[in-house]
Amino acid sequence: MLSFIVPAYNEELELPRALAAIRVAADASGEPYEIIVVDDASTDATAEMATRAGAVVVPVNYRQIAAVRNAGARAAKGDTFIFVDADTFIQPAHVAGALAALAAGCAGGGAPMATDGSVPLWGRVFVRVFSAFYFTLANLGAGAFLFTTRKNFEAIGGFDKRLFAGEEVYFSQALKKLGRFRLLTQPVVTSGRKLRMHSAGKILGLSVGIILRGKRGVKSRDKLDLWYDGKRETGAP
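Analysis parameters
Residues numbered from 1 in each chain as written. Predicted model: local features only at pLDDT ≥ 70, side-chain atom pairs only at ≥ 80, totals over all residues. Heavy atoms only, no water. Helix = DSSP H or I, 4+ residues; strand = E, 2+ residues; numbered from the N terminus. Expected span 1.5 Å × (residues − 1). Buried < 20%, exposed > 50% of the residue type's maximum accessible area, 1.4 Å probe, protein only. Arc of directions from axis to C-beta. Contact = heavy atoms within 4.5 Å. Pairing = 2+ DSSP bridges. Axes fitted to C-alpha atoms, helices over the stretch in contact; angles between N-to-C directions. Bend = angle between axes of the 7 residues up to and from the residue. Phe/Tyr/Trp six-rings, centres within 6.5 Å; stacked < 30°, edge-to-face > 60°.

Things to note about helix α1 (residues 15-29)
No. 1: Look at α1: 21 Å from first C-alpha to last across 15 residues, which is about the 21 Å you get at 1.5 Å a residue.
No. 2: Those residues of α1 lying buried are L15, A18, L19, A21, I22, A25 and A26. Viewed end-on, α1 has its buried residues packed into an arc of 160 degrees, placing them on one side of the element. Every exposed residue of α1 that faces more than 90 degrees away from the buried side is listed here: V24 and A28.
No. 3: Residues of α1 that are buried in the fold lie against β1 (2-8), β2 (33-40), α2 (46-52), β4 (80-84), β5 (88-89) and α4 (92-103).
No. 4: At the C-terminal side of α1, G30 shows a positive phi close to 75 degrees.

The structure is reproduced here in structure tokens:
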């Protein structure tokens, strides 16, 4: 069985569309599946939206993305884990590609990202440069879409719960020690809201800071408000 694990904090706007996309993609695979939404103490209608969409809701209060994803894995019943962010929209090709990669012996994988809606020019340049280094050269997976087997997830100990950001980098690297890591060709579409809601200086400054400090810079929520300030758009981009 496939287990789609969706971490969510105050995602009432994006979540219904994300879950609808997952259901279409999962149905197309022909495999039995479940959708788990891990609601991290949302104060909006996230849990209600998830229940209405037929997902299993797992309530937690961590405010830490790694711990939230791990909670979803603990609740999952499937043998294949597919992690999809609550503001990310996948297609049938992503599920088919993930299953084909695992069947071919890959330890796990992910997909590059494209942003939805209108984003400023600097944001488009940033995404292109980031993608060239992160996906093309480093062959790492982004948290928006990651897949592996239950066996491999347990073998690497899941996501590093000491980290408040960048956990997908170390998750990808750990899977690479078990076998091949496959990045699918087709990007998943994820929300461009961070690029619309924050300045170039803030995003570039945080990115450079994390690169320079490494794990030391992501072991607390301090200075990571880009991920933890809770800001959300109130309408369609």
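Looking at the sheet that holds β5
Paired through their backbone hydrogen bonds, the strands of a sheet run either parallel or antiparallel.
No. 1: Across the sheet, three strands lie side by side as β5-β10-β7; this open sheet has mixed pairing. Of all the strands in the sheet, the pair left with one neighbour each is β5 and β7 (113-115).

As for the sheet that holds β1
No. 1: Strand order in the open sheet formed by seven strands is β3-β2-β1-β4-β8-β6-β9, with mixed pairing between adjacent strands. What marks the edges here is a single partner per strand, and that holds for β3 (56-60) and β9 (181-183). Between one strand and the next, the sheet's axes are offset by a mean angle of 20 degrees, whatever the strand orientation.
No. 2: When strand β6 (residues 108-110) meets β9, the two strands line up parallel, connected through three bridges. Bridge pairing in β9 places G109 opposite R182.
No. 3: Relative to the sheet, α1 contacts β1, β2 and β4, its axis offset from that of β2 by approximately 160 degrees.

Thoughts on helix α5 (residues 121-137)
No. 1: With 17 residues, α5 extends 23 Å between its outermost C-alpha atoms, agreeing within 8% with the 24 Å of an ideal straight helix rising 1.5 Å per residue.
No. 2: Helix geometry: α5 is bent most strongly at S131, by close to 30 degrees.
No. 3: All buried positions along α5 are accounted for by G123, S131, Y134 and F135.
No. 4: Those residues of α5 that are buried are in contact with β7, α7 (167-176), β9 and α8 (193-197).

What to know about the packing of aromatic side chains
No. 1: Counted by the stated rule, this structure contains 14 aromatic pairs.
No. 2: Both rings, one in F83 and one in F159, keep their centres 5.1 Å apart while their planes meet at 90 degrees; by these two values the pair is edge-to-face. Placement of the pair is F83 in strand β4 and F159 in the loop between α6 (150-156) and α7, with a sequence separation of 76 residues.
No. 3: F83 sits in the buried class, given a relative accessible area of 0%.
No. 4: A relative accessible area of 2% places F159 in the buried class.

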